[in-house]
Each structure stands twice: as C-alpha cells, then as structure tokens.
Amino acid sequence: MEEDEYAGGVIKKFLYVNRRQPHGTVYALESLETVLIGAAFDQDVSMLFIDDGVYQLKKEQSPDGIDMKNFSKTYRALEMYDVEKLFVERESLEERGLSAEDLLVDVEVIATADVKALVDEQDVVLSF
Amino acid sequence: MSTLNIVNKSPFEKRTLEQCLKRVGDGDSVLLIEDASICAVAGTAYQDQLNATAELTKLYVLQPDLDARGFTDAKLLEPVQCVDYTGFVELVAQHDRVHSWL
Amino acid sequence: MKFAVLVNEGPYQHQASDTAYQFVHAALQAGHDVMRVFFYHDGVNNGTRLTSPPQDDRHIQKRWSDLAAEHKLDLVLCVAACQRRGIVDEDEMKRNGKDADNIAEGFRISGLGQLIEAGIEADRLITFGD
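Residues numbered from 1 in each chain as written. Chains lettered and ligands numbered in written order. Predicted model: local features only at pLDDT ≥ 70, side-chain atom pairs only at ≥ 80, totals over all residues. Heavy atoms only, no water.

Visitor: Sorry if this is basic, but what is going on with the packing of helix H1 (residues 16-29) of chain C against helix H2 (residues 60-71) of chain C here?
Guide: Helix packing for two helices is described by the angle between their axes and how far apart those axes are. Residues and elements named next belong to chain C. Contact geometry for H1 and H2: axes closest at 11 Å, N-to-C directions at 20°. With respect to H2, the element H1 is oriented roughly parallel. In the crossing of H1 with H2, the sense of the turn from one axis to the other is left-handed. Along its contact with H1, which presents Ser-17, Asp-18, Ala-20, Tyr-21, Gln-22, Val-24, His-25 and Leu-28, the element H2 presents Ile-60, Arg-63, Trp-64, Leu-67 and His-71. Among the residues making up the contact of H1 with H2, the classes are represented as seven nonpolar, four polar and two charged. (Axes fitted to C-alpha atoms, helices over the stretch in contact; angles between N-to-C directions. Helix = DSSP H or I, 4+ residues; strand = E, 2+ residues; numbered from the N terminus. Parallel < 35°, antiparallel > 145°, perpendicular 65-115°, else oblique. Left-handed = near helix turned anticlockwise from the far one by under 90°. Contact = heavy atoms within 4.5 Å. Nonpolar A, V, L, I, M, F, W, Y, C, P; charged D, E, K, R; others polar.)

This is the structure in structure tokens:
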C-alpha cells in the first residue's frame, strides 16, 4: 500500500484494543493492517487483547475451509515492525479456558485491574 | 489522567457495558450513547452496577438518544448527568483520551 | 481544540454515522477544528453519491458533503476498504479498469496512513462504530 512518510517528529503512544474474534468480523484483520501501516510513522505502539480479542492470538488457526486469509502468522512478524508490546488480559484467557501456552506469540499477561493503568498512559486509543 | 469511555450497546443485548465498567476507575467517565442510553433510566437490572461504578467514575448520557427512545421525562439514575451533542464535545475536550467500546 | 473522527459503519444500518455527524457538527459550531473524518470498514459506504433515500428521511451522504463544503472538512475514505466495497473515484476507476466512479462531492480516497496521521496531529481522536 502506498503510504506517505510522516516527518512531523511527534511520537505519541497508540493503544490498539482488540476485543473481537478473528474471521467472524473484519475488525481483527483491519486492526492488524492499521498497526502495520502505523509502524511507518515510528509511533509508540501497544496492542491489548481482551474479551474475545484473545482468540486472535490462538495457535493453529486454519481458515482455509472458510476461504479466508490466515493472518494470524502476521502477529509473529510484528516484532520486525518494532511492535513489541503485546498485552493479554489473564481473566479473558481464563474465562475462555485458555492460557498463554495457547497463544502463537510471546505476550505480557496482565490482570483486569492493570488495564486502566495501561490505558492511562496512552495518547490515542483505537478500539477494533 | 482521565479517559472518556463511550458505550453504545444495550446491556440487554451485548456485554459491552459490563466489559467496560470492570476496566475503568478513578477519574474516568462513562458516556452512554445510542442503544446504551437506556440504562441511564432508573429501575433497570443494571442500576445497582451503574450506581456502584459512579462512586469512582462519572456517568453521562446523551439526551437526544434518550429522547429518541421515549425517555425524555423518565427518572434517571441519580449520579447520571445528561449532555447534548455540545456537551458531548466538551466531554471529549475535557478528558485526555477517548475510548470507544465497540 | 483539534479533533479527528473515525467512522467505522455505513449509513442507515447503524446509528454510528449519524452520531458522528452530530458530533462533528456540534464541534464545528462550538468553534473547534475538525482536521479530518476518516471512514473505514463499511464506513466508506457513506461516500457514494448514488444513494437515493426517501425524501422524508435524512440524506446521510449529502449531509456529510454539505458540511464538508461549508467547513472545508477533510473527508477521507480508506482506499483498501473502498476497493473491497466498490467505492470508486476517477483514479481508482482508471487504475482498476472500472466503467464508472461513484465518489460523492467532498470526499477523497486515500490510505490508512491518513488515520495514523490524524491520530498524531489531532488533540483527540474519537471513534464511532458498531
């Protein structure tokens, strides 16, 4: 995709809040697209996965049978774009019978009580 | 540092309201708009939860959304303040950031 | 204060585009600057000029176009979302070999970078969606 280099010099803290499953709606894919495009702007990016958003990071997704792209591998590539702050809420995992071992990428697991502190650090919150 | 949290889903249909409320705290505000506006009305199953939230968090409702749904003269929860679109704009300006719980 | 607005839903199906419009209108009335409205996902459907809503209903696209003309608003449709949904300007028509364009007055098509830039440059970014 063509993108204009941003030369403004401002660095803001962007938080992408992911609360929905992949595949059922387009939002998980679009969140990832935005993060990747945003990487060119050298901003301070964090991603937070809460509620059904934790399913975005589930290992072994095979969407061939529903004729959709397997974009889950892209989460592993985020590091190359300097997107290294991935937070997953423990309670959201537990409610769904999941643990960090079920996820395809290394994340920092935080508690529900820590979410507010993370949000409080941000300049921009984008919710998908 | 304060966040304006916006909820637009009915808690009778989706769990967005409770998902928002358990992650907000001191100094934050919650604005109920669109289909979430109806839970500002007194007497719903969510009134205790909202009243408890209001001990730390300010609660607002978008009046035109209440009006549209037939609750212009309804008794609202005591801690809820009504805003119009101009008040909505002021709330956004007064907080450090906006978090729309979609 | 400088605002930027993100609209994620199309017209008529969901109230999001209406609320976004009322918000932008009120912000402008109050003397604030709205530096960009970015339309993403189904939100790009707000930008086709081919809609004909009944006369007793609001004309959502026209309302945006009129507001843009009056206040020099920057209404940006996400290019990738447009390509998937058939929202086309002259450039896109030529590039993708289509036989028509349908973009409405006051809108332009551009990349997602415009959303990030809005997040950086505006004092507040506010999202309307489902």
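Visitor: Before we go on, may I ask you to explain the interface of chain A and chain C in this structure?
Guide: Where the parts come together, the accessible area they lose is often given as the size of the interface. Counting residues at the interface gives 22 residues for chain A and 21 residues for chain C. Interface of chain A and chain C: buried area, both sides summed, is about 1,900 Å²; carbon and sulfur atoms make up 59% of it. For the interface between chain A and chain C, the tally reads zero salt bridges. At the boundary of chain A with chain C, the tally comes to seven residue pairs in polar contact (both at pLDDT 80 or more). Residue contributions to the side of chain A that touches chain C peak at six residues, all from helix H1 (residues 27-39) of chain A. Here the residues of the side of chain A that touches chain C are counted per class, giving twelve nonpolar, three polar and seven charged. (Buried area = accessible area lost by both parts, 1.4 Å probe. Salt bridge = Lys/Arg side-chain N within 4 Å of Asp/Glu carboxyl O. Polar contact = N/O pair within 3.5 Å; in protein donor to acceptor, adjacent residues only side chain to side chain.)

Visitor: So what exactly am I meant to see when it comes to the pairing of strand S3 (residues 85-89) of chain A here?
Guide: Along any regular strand, the residues point their side chains to alternate faces of the sheet. Residue and element names in this part refer to chain A. A large share of S3 lies buried, amounting to four of its five residues. In terms of strand pairing, S3 meets strand S4 (residues 108-110) through three bridges, oriented parallel. Within S4, the residue paired with Val-88 across the bridge is Val-109. Running through helix H3 (residues 90-95), the crossover from S3 to the neighbouring parallel element S4 is right-handed. (Buried < 20%, exposed > 50% of the residue type's maximum accessible area, 1.4 Å probe, protein only. Pairing = 2+ DSSP bridges. Right-handed = clockwise from strand over helix to strand, strands pointing away.)

Visitor: How do you make sense of H2(C) when you look at a structure like this?
Guide: Turn by turn, an α-helix covers 3.6 residues, leaving residues three or four places apart pointing in a common direction. Along its twelve residues, H2(C) runs 17 Å from first to last C-alpha, staying within 8% of the 16 Å computed at 1.5 Å per residue. Taken together, the buried positions of H2(C) are occupied by C:Ile60, C:Gln61, C:Arg63, C:Trp64, C:Ser65, C:Leu67 and C:Ala68. (Expected span 1.5 Å × (residues − 1).)

Visitor: Whenever I open this one, empty space enclosed by the protein confuses me. Can you help?
Guide: If you roll a probe as big as a water molecule over the atoms, it shows you where there is empty space left. Taken as a whole and assessed by the stated rule, the structure comprises three cavities of 30 Å³ or more. What lines the largest cavity is A:Val115, A:Lys116, A:Val119, A:Asp120, B:Thr3, B:Asn5, B:Arg23, B:Val24, B:Asp28, B:His99 and B:Trp101. Among the elements that take part in the lining of the largest cavity, helix H4 (residues 112-120) of chain A stands out by supplying four residues, more than any other. Taken together, the residues that form the lining of the largest cavity break down as four nonpolar, three polar and four charged. Within this model, the second largest cavity holds a volume of roughly 50 Å³. (1 Å grid on protein atoms, 1.4 Å probe; cavity = no way out; pocket = protein on both sides within 12 Å on 5 of 7 lines; lining within 4 Å. Points joined across faces, edges and corners; volume = space filled by probe spheres on them.)

Visitor: Looking at this structure, how should I read the sheet that holds S4(A)?
Guide: Note on sheets: strands pair through backbone hydrogen bonds, and any given pair is parallel or antiparallel. Residue and element names in this part refer to chain A. Spatially, five strands are ordered S4-S3-S2-S1-S5 in an open sheet, and the strand pairing comes out parallel. On the outer flanks of this sheet lie S4 and strand S5 (124-127), each paired with one strand and no other. For this sheet, the mean inter-axis angle between neighbouring strands, taken without regard to orientation, is 25°.

Visitor: Would you explain the pattern of salt bridges in this entry?
Guide: Two side chains with opposite charge may pair up if their charged atoms get near one another. Residue and element names in this part refer to chain A. Following the criterion strictly, the structure yields 27 salt bridges over all chains and no others. Asp-44 is paired through a salt bridge with Lys-13; the nearest N and O atoms lie 3.9 Å apart. Of this pair, Asp-44 sits in strand S2 (residues 44-49) while Lys-13 sits in strand S1 (residues 13-18), placing them 31 residues apart in sequence. Classification of Asp-44 by relative accessible area gives partly exposed; the value is 22%. The partly exposed category is assigned to Lys-13, whose relative accessible area is 23%.

Visitor: When you look at the side chain of C:Asp89 in this model, what are you seeing that I'm missing?
Guide: Residue and element names in this part refer to chain C. Structurally, the position occupied by Asp-89 is in the loop between helix H3 (79-85) and helix H4 (90-95). One buried charge, Asp-89, has no salt-bridge partner; the nearest side chain with opposite charge is Arg-95, at 6.5 Å. Not counting residues up to four positions away in its chain, the partners in contact with Asp-89 are Asp-101, Ile-103 and Ile-109. (Lys, Arg positive; Asp, Glu negative; His and termini not counted.)

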